[in-house]
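Coordinate analysis (summary)
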There are 4 protein chains.
Amino acid sequence: MERDLGNEKLINERFRLSGRREGQEDSIVSVGKASFGGGNISNIAGPCTIEDYDQTLEIAKAVKEAGADILRGGAFKPRTSPYSFQGLGKEGIDILYSVGKEVGIPIVSELTTLKYLDIFIEKVDMIQVGSKNMSNFELLKELGKIDKPILLKRGLYATYEEWLSSAEYILYNGNPNVILCERGIRTFETYTRNTLDILAVPVMKRLTHLPIIIDPSHSGGKWWLVEAGAKAGIAAGADGLMIEVHTDPDKAICDGSQSLIPERYKKLLEELKIR
Amino acid sequence: MERDLGNEKLINERFRLSGRREGQEDSIVSVGKASFGGGNISNIAGPCTIEDYDQTLEIAKAVKEAGADILRGGAFKPRTSPYSFQGLGKEGIDILYSVGKEVGIPIVSELTTLKYLDIFIEKVDMIQVGSKNMSNFELLKELGKIDKPILLKRGLYATYEEWLSSAEYILYNGNPNVILCERGIRTFETYTRNTLDILAVPVMKRLTHLPIIIDPSHSGGKWWLVEAGAKAGIAAGADGLMIEVHTDPDKAICDGSQSLIPERYKKLLEELKIR
Amino acid sequence: MERDLGNEKLINERFRLSGRREGQEDSIVSVGKASFGGGNISNIAGPCTIEDYDQTLEIAKAVKEAGADILRGGAFKPRTSPYSFQGLGKEGIDILYSVGKEVGIPIVSELTTLKYLDIFIEKVDMIQVGSKNMSNFELLKELGKIDKPILLKRGLYATYEEWLSSAEYILYNGNPNVILCERGIRTFETYTRNTLDILAVPVMKRLTHLPIIIDPSHSGGKWWLVEAGAKAGIAAGADGLMIEVHTDPDKAICDGSQSLIPERYKKLLEELKIR
Amino acid sequence: MERDLGNEKLINERFRLSGRREGQEDSIVSVGKASFGGGNISNIAGPCTIEDYDQTLEIAKAVKEAGADILRGGAFKPRTSPYSFQGLGKEGIDILYSVGKEVGIPIVSELTTLKYLDIFIEKVDMIQVGSKNMSNFELLKELGKIDKPILLKRGLYATYEEWLSSAEYILYNGNPNVILCERGIRTFETYTRNTLDILAVPVMKRLTHLPIIIDPSHSGGKWWLVEAGAKAGIAAGADGLMIEVHTDPDKAICDGSQSLIPERYKKLLEELKIR
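Residues numbered from 1 in each chain as written. Chains lettered and ligands numbered in written order. Predicted model: local features only at pLDDT ≥ 70, side-chain atom pairs only at ≥ 80, totals over all residues. Heavy atoms only, no water.

**Topic: the overall build of chain A**
- Helix and strand counts for chain A come out as 10 helices and 10 strands.
- Taken over the C-alpha trace, chain A has a radius of gyration of 17 Å; the compact-globule value for 275 residues is 19 Å, and the two agree within 12%.
- Taken across its 275 residues, chain A has 68% of its residues classed as buried.
- In the form shown here, chain A has an accessible surface area of approximately 9,400 Å², with 45% of it arising from carbon and sulfur atoms.
- Counting 35 positive and 39 negative side-chain charges, chain A places the centres of these two groups 1 Å from one another. (Helix = DSSP H or I, 4+ residues; strand = E, 2+ residues; numbered from the N terminus. Rg over C-alpha atoms; globule rule 2.2 N^0.38 Å. Buried < 20%, exposed > 50% of the residue type's maximum accessible area, 1.4 Å probe, protein only. Areas by Shrake-Rupley, 256 points an atom, 1.4 Å probe, with all protein chains shown as cover. Lys, Arg positive; Asp, Glu negative; His and termini not counted. Charge placed at Lys NZ, Arg CZ, Asp CG, Glu CD.)

**Some words on the packing of aromatic side chains**
Residues and elements named next belong to chain A.
- Evaluation of the coordinates by the stated rule reveals 22 aromatic pairs over all chains.
- Aromatic pair Phe 76 and Tyr 116: ring centres 4.5 Å apart, planes at 25°, arrangement stacked. On the criterion of sequence distance, the pair formed by Phe 76 in the loop between strand 4 (70-72) and helix 3 (90-103) and Tyr 116 in the loop between strand 5 (107-110) and helix 4 (117-123) is long-range, its members being 40 residues apart. With respect to class, Phe 76 is no different from Tyr 116; both count as buried.
- A network of ring pairs unites the aromatic residues Phe 76, Tyr 116 and Phe 120 as a single cluster.
- Its guanidinium or amino end placed over the ring of Tyr 97, Lys 123 lies 5.7 Å from that ring's centre, counting from NZ or CZ. (Phe/Tyr/Trp six-rings, centres within 6.5 Å; stacked < 30°, edge-to-face > 60°. Lys NZ or Arg CZ within 6 Å of the ring centre and 35° of its normal.)

**Some words on the relation of the copies chain D and chain C**
- Structural alignment of chain D on chain C gives an RMSD of 0.0 Å, achieved by rotating through 180° and translating 0.0 Å along the axis. Such values leave the two copies arranged in the relation of a two-fold axis. Every residue of chain D has its C-alpha some distance from the rotation axis, and the shortest such distance is that of D:Tyr157, at 2.8 Å.
- An overlap of 100% is found between the interface residues of chain D and their copies at the interface of chain C, pointing to a shared contact surface. (Least-squares fit on C-alpha atoms with pLDDT ≥ 70 in both. Contact = heavy atoms within 4.5 Å.)

**Topic: the interface of chain D and chain C**
- Each partner contributes to the interface: chain D provides 33 residues, whereas chain C provides 33 residues.
- Of the roughly 2,800 Å² buried at the junction of chain D and chain C (both faces included), carbon and sulfur atoms supply 54%.
- Counting the surface chain D buries against chain C, the share from its top three residues, D:Thr80, D:Pro82 and D:Tyr83, is 23%.
- Inspection of the region where chain D meets chain C yields 2 salt bridges.
- Residue C:Arg186 pairs with D:Glu162 through a salt bridge whose shortest N-O separation is 2.7 Å. (Buried area = accessible area lost by both parts, 1.4 Å probe. Salt bridge = Lys/Arg side-chain N within 4 Å of Asp/Glu carboxyl O.)

**Regarding the state of the cysteines**
All names here are of chain B.
- In the structure shown here, the tally under the stated rule is 0 disulfides over all chains.
- Here Cys 181 stays free of any disulfide, with the sulfur of Cys 48 as its closest cysteine sulfur at 13 Å.
- Among the residues examined, Cys 181 registers a relative accessible area of 0% and is labelled buried. (Disulfide = S-S within 2.5 Å.)

**Side note on helix 9 (residues 223-236) of chain C**
Residues and elements named next belong to chain C.
- Taking 1.5 Å of rise per residue, the 14 residues of helix 9 would be expected to cover 20 Å, and the 20 Å separating its terminal C-alpha atoms lies within 8% of that figure.
- Of all 14 residues making up helix 9, 11 are buried, and the element is well covered by its neighbours.
- For helix 9, the full list of buried residues reads Trp 224, Leu 225, Val 226, Ala 228, Gly 229, Ala 230, Lys 231, Ala 232, Gly 233, Ile 234 and Ala 236.
- Looking at the residues trailing helix 9, positive phi occurs at Gly 237, about 110°. (Expected span 1.5 Å × (residues − 1).)

Any functional reading would require information beyond the geometric quantities listed.
Here it is as structure tokens:
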């Protein structure tokens, strides 16, 4: 009865490039010196949104010291309401870029429209496609025409099949450097922001050779759930973690309640032995 | 405990333009001679995807004769898989435009990227934002800068609050001509393609002054469910219907199984007395 | 790909008694003078919970005058919390029974445990299985051994296949008198109490010969949604309605916010022409 | 905006006995020599359903040798269809009891109706309430009047609040020995049998002092997902695991596809260092 997404026929039809054929090894995707897949575990950390230079610098230093390999920071924020803070935009990318250079850490940020693609190609080391744009196929097609690593978040409504099909759009257009990111799906349970679908890790590991990481911050939406989510993710076989870290969560413009302070983040990586 | 989305405070915060204030009348949105809202019910019909000129013409004549006010037809199809038919693209819009002129019926089609906005502004009478792009805020912002009617489909994962916020993006940027379209949400029930959320009609009627229509074709995903969905929609207070009609559903490239033949469509409108 | 629940093979395997075979007519289930199915539409109304004799009598008279055919009232309430009011129990059934006799209207109430089955057999005209007990197969088996009509509510998590299988349990054990009741399913949308799955009506009409009614009160959880839900239900082909009516909703012990006052209920039945 | 289920007011209202008050330590629930909570991790394993004596004995020996502390086995199976195998019933309990004595391992089995409560009290060391009966409050009330440990599975539709309220029913009626079991919830994703809600572990650890275990077999519904689910569960802080093990999964009457063979089960416990 089950539709076995991993069978050869379906791979040949729908997952020609992303599907894992029998015996096929993990793909390894590198961002600067950090690698994901094939036994390599890397860490992405930083604030939800870039607020200003000093603060980004402070956080960048802290997460690097704690063991992060890549700095994250939002500049273009796809906010539900037009009256919410929409991010610093291009200025935010400039700040992130400068801080990355100063601290010596590669950067990742979310692209929401092709209009800014050139800026991202120039300044960002990995381009994030957020959950709201996972099915924005026009965006995916263009990201397939470059060779920069793409961090493809799962849509909060997306089946495994749809998610992998979105990755296939990027690969089909020529870019093999895709990292999947499970960040929670929408269910009836609203006490947590989303429901972390931990089995997505072994499922995707079977269906595809692409690396997969976990974002425990958006999954639970509460800082005190990050640790358990991160540990579960690594235990389940994830190739990395993306965690929101802020030096002053209470004053964060966005998502402070789900951000760790650097000390906790460092301790977590130590316990996980993935520093 | 309930978050009353219709209260004045929330309207002032989040739904400044789309929220219905006490005693506020329905907005009426017109497309050619067809009107939606304020007691006006209009009908949109046509094929899922535009296949060729002759076939589009045949269907256009049939749906107009049956009572449709607006012709629909997809040219840019946001398909889950890159290997599925992606639509005829610009050629499809040209066909739809010519057929619309020949038959004398306004046309609506889905826009998936800003790249083709100019073509849509020139040739299409109403621009559809599909469910996969309901949270593509960059697209919504630009559609707010024109004055063409926008048909905003609900995302299959979207709460009422998120849906109305997407409408607010368009209104906030200057375009008041938004029609909402309920087309089914994703739930645990997979026998139907989606679950038609019929109470979305009275809920949105209370929360906003914007018109709302029902798409019973995508909701159920089966032609034999269209009639019940359409009747329920009108009974619940919808301002119109969008229904997929095809003269040869078995040979339709896309979504034939949920398309009505013109005879059934005509009979449905007669029974509903909305021809 | 679709699992066609209505095909002959599946009927022979799983829905031997409840499945509708080709050309098979509607079953008609009668409760007193009221009938459901085969073109017959009947109305069930009353308070969520029985509070006392006078108040039940007042509501019973009002709903009968408004057009209701059957009086509902909860005596054993399956409440989420042990600290919530659990219903009047046997005393509640006695009140309902006496009021029913006095007013001359059949009664329906929910049974939550076999312990009280004898009382229900003696005093109640139709036995309701609530959504929380739809998969309580031990209860269903015993209800299959009597011949009293059973009102089987859909579990808020139940697929069509599971719901119909629960009906099959009753039929298989010998009782053909089952009426299905759609009362909303649990989805990600929490603004409404549940999501009324209106397409359940045409789906179940196709899959089974059993009658199906709609409970718009529990579906939306707000009195101002009852009218639209009821109208949609009848338009979609439902064989009846179950609606919570209370003469003083603000003081109702339970579910007052989703109850209609008798005047509105009467007007609704008039507009629907199903008095 | 968030409803903080762990605040003192809500504890005093709804979770008087099950809620964890500030600084309150874990409750420890013991079954034979096995303990759950307060740092104690125990293992439950065995077949989905009891098939016959020899086969149950073979599995019991194998799981005990592998490191299991408690033997599971279904005798009363709440099956969706009345035409599916319903379990061996009382005979199944007798087999499980005899095997448990012979092998020297406590046993757990699911109770679906009060009719057999006496048998379970006499012969079973822990009574399981399955997901389909989590809201069968009449059953819960009676289980609160005994002192045998109760394994309370989460309903596949149940919020944390509803789940904990069901535990409260048992505690309120006098039985403090409740162990919670997360076994996956129903979501839109159907590739896995259910969606393992891994964050349920840290959430419930915060809200209540009761132990919580993970059932990775029912969560994913595929044997090759059990390992990742089990490891994630322990990493997230679970107090134990319940895993389906069968010596001949291909011939198992029920759920063979999600059962581990004893060798894999043993290896898993070794890797987790929880033998």
